[in-house]
Amino acid sequence: MEELDVEKRLKEDAQKVEMKDFSERWSVIKAKIDNVEDGVCVEAPCKQKSYAAYGDGSSKGRNAPKKFLLPSVIAVLFIAICLAIVLPLTLRSRESLFMDWDDLSYRTVSQSEFNSELKEAEFPVIDLSGYDFDLCNLYQDKSGKLQGGEVEVFDEHEETILKLVFCAPIVRISYKLEDNSETFKINNVNIKYATKFENDLYTTTAFTECDNIKYVLTYYSSSDNVTNLFEALFG
Amino acid sequence: MKKKALTCLAATAVLMGANMCTGFTFACEKIVPATFCGSGTVTEQSETINYAKKETVEYKIKGEVPDYNMHVNETSCANVAGAVAIGYYDRMCEELIPNYKAYMKIGSNIIYKSQGTESQAVVERLHTLMGTDTIGAGTTFNGFQNGMKAYVAEHGYTYTAQDVGSINIANYKTAVESEKPVAIFLLNYSIWVGNTDSGSSEVIKTERSSVAHVVIGYGYKIDTYYNSSNQVVATRTYLNVASGLITYGKAYLCLDGKSNVERATAITIQ
């Protein structure tokens with residue numbers, strides 16, 4: 001096939017192009033690689049990497065991990081999310097099994113706050129509305145959930161003092177009954193109690209459970225009338 | 001990447017250095033002055049005493065003392081102890097806790113009210129006056145004394161503290177038998193938590209804490225055990241204390257090497 005004029009001209013122009021040595025060309029390229037532009041170091045790590053080309057055309061070696069990076073990150077995130085959902089549920093169920101009375105914190109509140117907070121928390125405490133409290137404490141666990149309470153009534157006229165502590169079934173509360181303890185029954189409520197008489201004073205310690213709430217009661221009186229109190233509270 | 005690693009290392013080094021410094025400060029404070037802090041972890045212990053005869057001598061201040069306590073994980077044991085002493089003397093010095101009666105009488109019996117708003121306010125005021133938590137956690141011995149003096153003076157009374165040693169049981173007995181509560185400063189302590197007594201063998205259970213603490217003593221119980229030849233085989237001395245801890249309330253503090261008393265002072269407010 002004959003060469004066209006255009007082809008001849010292209011050949012002549014191509015031969016006129018001056019080709020620099022490799023070292024000169026590389027120095028120009030390297031300068032551009034090491035140059036810092038706008039505070040950003042221009043790197044060309046890919047130019048410094050070596051690749052092993054395999055016969056099947058695939059490119060393995062240092063470039064290969066990139067293929068697994070995204071799936072690995074996704075897998076780790078997925079596991080982390082699963083743990084973040086499952087662990088708190090598991091731990092919460094373990095933590096809520098039992099707690100000690102000593103582990104609770106308390107705050108002193110007014111009688112109206114005492115009644116309203118118990119009502120709001122739907123805490124099934126016995127009806128204490130007939131009493132004028134000298135002290136009301138509410139007890140809560142570390143998460144702020146109401147777990148119990150304490151009230152005191154000092155009646156100088158009747159010469160009686162009532163100290164009543166109550167708590168949720170998951171709270172372990174200790175009390176000590178004297179060896180001469182008895183049981184008083186009213187409305188399916190069994191009250192274990194012991195009374196000692198010393199210095200003209202009757203001191204009663206009692207324990208019972210009512211509607212799953214535990215009660216520890218200490219009662220001081222100049223007369224032996226604690227069963228009247230039990231009827232008033234649990235009747 | 002290298003910079004991030006270096007930054008992490010530097011931060012770790014700073015944190016470790018801070019922890020070490022804190023530890024040394026607390027260690028120095030343990031020597032001069034000790035700070036009294038409150039509760040901590042406990043270890044259970046027990047001992048068995050076999051005997052043929054046992055005698056008990058005991059005494060408690062009439063009406064005892066109030067049973068106030070610390071909130072969980074607080075360092076206010078000295079403040080609570082001070083409030084206990086103030087609650088006790090409020091019977092005789094009614095303006096110590098203004099507009100508040102800390103007890104009720106039935107016949108000759110005195111029953112104290114539990115910790116409420118008014119008594120908690122005393123604890124909080126003492127926290128400031130005693131300089132609690134200003135040098136390490138807790139209160140120093142001098143901080144306790146200065147705070148009590150200042151609080152009592154604020155309310156128009158005079159506070160005096162008489163040294164009872166660490167602990168001279170004869171001086172302690174004299175103090176409580178004179179109806180004076182005793183502030184006991186402990187470097188560590190053991191509390192009696194129960195016993196089983198068959199009449200010839202007693203198993204005594206105690207719980208020991210290694211945390212410095214302050215309690216108010218208001219009585220004592222001394223058990224003396226004899227063998228069949230009427231010789232003393234053991235003596236166990238307990239002090240009735242308002243522990244300031246919800247776990248124990250009013251309890252027996254064990255002596256006989258089970259508690260390390262740094263100092264004790266009998267308190268008078270008038």
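Rules used in this analysis
- Residues numbered from 1 in each chain as written.
- Chains lettered and ligands numbered in written order.
- Predicted model: local features only at pLDDT ≥ 70, side-chain atom pairs only at ≥ 80, totals over all residues.
- Heavy atoms only, no water.
- Helix = DSSP H or I, 4+ residues; strand = E, 2+ residues; numbered from the N terminus.
- Buried < 20%, exposed > 50% of the residue type's maximum accessible area, 1.4 Å probe, protein only.
- Areas by Shrake-Rupley, 256 points an atom, 1.4 Å probe, with all protein chains shown as cover.
- Salt bridge = Lys/Arg side-chain N within 4 Å of Asp/Glu carboxyl O.
- Core = buried A, V, L, I, M, F, W, Y, C linked by side-chain atoms within 4.5 Å.
- Contact = heavy atoms within 4.5 Å.
- Pairing = 2+ DSSP bridges.
- pLDDT = per-residue confidence, 0-100.
- Expected span 1.5 Å × (residues − 1).
- Arc of directions from axis to C-beta.
- Axes fitted to C-alpha atoms, helices over the stretch in contact; angles between N-to-C directions.
- Parallel < 35°, antiparallel > 145°, perpendicular 65-115°, else oblique.
- Left-handed = near helix turned anticlockwise from the far one by under 90°.
- Nonpolar A, V, L, I, M, F, W, Y, C, P; charged D, E, K, R; others polar.
- Phe/Tyr/Trp six-rings, centres within 6.5 Å; stacked < 30°, edge-to-face > 60°.

1. Re the overall build of chain B
A tally of regular secondary structure across chain B gives five helices and 13 strands. Put simply, chain B has 270 residues, and 49% of those count as buried. On chain B, roughly 12600 Å² of surface is accessible, and the fraction owed to carbon and sulfur atoms is 54%.

2. Brief notes about the pattern of salt bridges
Residue and element names in this part refer to chain B. Throughout the structure, instances matching the rule amount to 13 salt bridges over all chains. In this structure, Glu 55 and Lys 53 form a salt bridge, with 3.8 Å as the shortest nitrogen-oxygen distance. Note on Lys 53: relative accessible area 32%, which makes it partly exposed. Connected through shared salt-bridge partners, Glu 47, Arg 236 and Lys 258 make up one network.

3. Describing the nonpolar core
Of all hydrophobic cores here, the largest spans 65 residues; its most connected members are B:Phe144 and B:Ile184. For this core, the element with the most residues is helix α2 (residues 77-89) of chain B, which contributes 10 residues. Those residues in contact with B:Phe144, other than ones at most four positions away along the chain, are B:Ala78, B:Ala81, B:Gly82, B:Met130, B:Thr139, B:Tyr159, B:Ala183, B:Phe185 and B:Ile267. Among the nonpolar cores identified, the runner-up in size contains 43 residues, and A:Cys136, A:Cys167, A:Ile173 and A:Tyr193 belong to it.

4. Topic: the pairing of strand β11 (residues 182-186) of chain A
Residues and elements named next belong to chain A. As defined by bridge partners, β11 adjoins strand β12 (residues 189-198) across five bridges and the pair is classed as antiparallel. Note on β12: the bridge partner recorded for Lys 185 is Asn 190. The hairpin formed by β11 and β12 contains two residues between the paired strands, and Asn 187 there has a positive phi angle of roughly 50 degrees.

5. Side note on the confidence of the model for chain B
Residue and element names in this part refer to chain B. Per-residue confidence for chain B gives a mean pLDDT of 88; residues scoring 70 or more make up 86%. In this model residues 13-32 is a low-confidence stretch, pLDDT under 50, and it forms five contacts with partners more than four residues away in sequence or in other chains. Under the prediction, the complex receives an ipTM of 0.77, its pTM being 0.73.

6. Considerations on unusual backbone geometry
All names here are of chain B. In this structure, the amide linkage connecting Ser 166 to the following residue, Ile 167, adopts the cis form with an omega of -5 degrees. Within the secondary structure, Ile 167 is located in the loop between β7 (159-165) and α5 (169-177). Of note in this structure, Glu 179 is not a glycine but carries a positive phi near 65 degrees. Considering the arrangement of structural elements, one finds Glu 179 in the loop between α5 and β8 (182-197).

7. Points about helix α3 (residues 117-129) of chain B
Residues and elements named next belong to chain B. Given a rise of 1.5 Å per residue, 13 residues ought to cover 18 Å, and the 18 Å separating the end C-alpha atoms of α3 matches this to within 8%. The complete set of buried residues in α3 reads Ser 119, Gln 120, Val 122, Val 123 and Leu 126. Axial view of α3: buried residues confined to an arc of 150 degrees, hence all on one face. Exposed residues pointing more than 90 degrees away from the buried face of α3 are listed as Thr 117 and Thr 128. Tucked inside the fold, the buried residues of α3 contact α2 and α4 (141-154). After α3 finishes, the residue Gly 131 shows a positive phi value of roughly 65 degrees.

8. Observations regarding the environment of A:Lys185
Residues and elements named next belong to chain A. Among the structural elements, Lys 185 can be located in strand β11. Note on Lys 185: relative accessible area 63%, which makes it exposed. Here the alpha-carbon distance between Lys 185 and Val 28, two residues 157 residues apart in the chain, equals 102 Å.

9. Remarks on the sheet that holds strand β6 (residues 105-108) of chain A
Residues and elements named next belong to chain A. Strand order in this open sheet of eight strands is β6-β7-β8-β9-β14-β13-β12-β11, and the pairing throughout is antiparallel. In the strand order of this sheet, the two ends are held by β6 and β11, each with one partner. Averaged over all pairs of adjacent strands, the angle between strand axes in this sheet comes to 20 degrees, irrespective of strand direction. Bridging between strand β8 (residues 146-155) and strand β9 (residues 160-167) involves eight bridges; their strand directions are antiparallel. Each bridged residue has a counterpart across the sheet, and for Phe 154 the counterpart in β9 is Ile 161. The sheet contacts of helix α5 (residues 111-120) involve β6, β7 (135-140), β8 and β9, and relative to β7 the element is tilted by about 35 degrees.

10. Digging into the packing of α3(B) against α4(B)
Residues and elements named next belong to chain B. Relative to each other, α3 and α4 sit at 120 degrees, their axes nearing to 8 Å. In terms of their interaxial angle, α3 and α4 are classed as oblique. Handedness of the α3/α4 crossing: right-handed. On α4, the residues touching Val 122, Arg 125, Leu 126 and Leu 129 of α3 are Gly 143, Gly 147, Met 148, Ala 150, Tyr 151 and Glu 154. For the contact of α3 with α4, the class distribution of residues is six nonpolar, two polar and two charged.

11. Quick notes on the pairing of β8(A)
All names here are of chain A. Among the 10 residues that make up β8, nine are buried, leaving the element largely enclosed by the rest of the structure. Strand direction decides the pairing type here: β7 and β8, joined by six bridges, are antiparallel. From the neighbouring strand, Tyr 139 faces β8, where its bridge partner is Gly 148. Where β7 folds back on β8, the antiparallel hairpin that results is connected by five residues, among which Gly 144 adopts a positive phi of roughly 90 degrees. Between β8 and β9, which follow one another and run antiparallel, lie four residues, and Glu 159 among them has a positive phi close to 55 degrees.

12. Some words on the packing of aromatic side chains
In total, this model carries 18 aromatic pairs over all chains according to the counting rule given. With centroids separated by 6.2 Å and ring planes inclined at 45 degrees, the aromatic side chains of A:Phe166 and A:Tyr215 adopt a geometry described as tilted. Placement of the pair is A:Phe166 in strand β9 and A:Tyr215 in strand β14 (residues 213-221), with a sequence separation of 49 residues. A relative accessible area of 0% means that A:Phe166 is categorised as buried. On the basis of relative accessibility, which here comes to 1%, the residue A:Tyr215 falls in the buried class. With a centroid separation of 5.8 Å and an interplanar angle of 90 degrees, the aromatic rings of B:Trp192 and B:Tyr252 are classed as edge-to-face.

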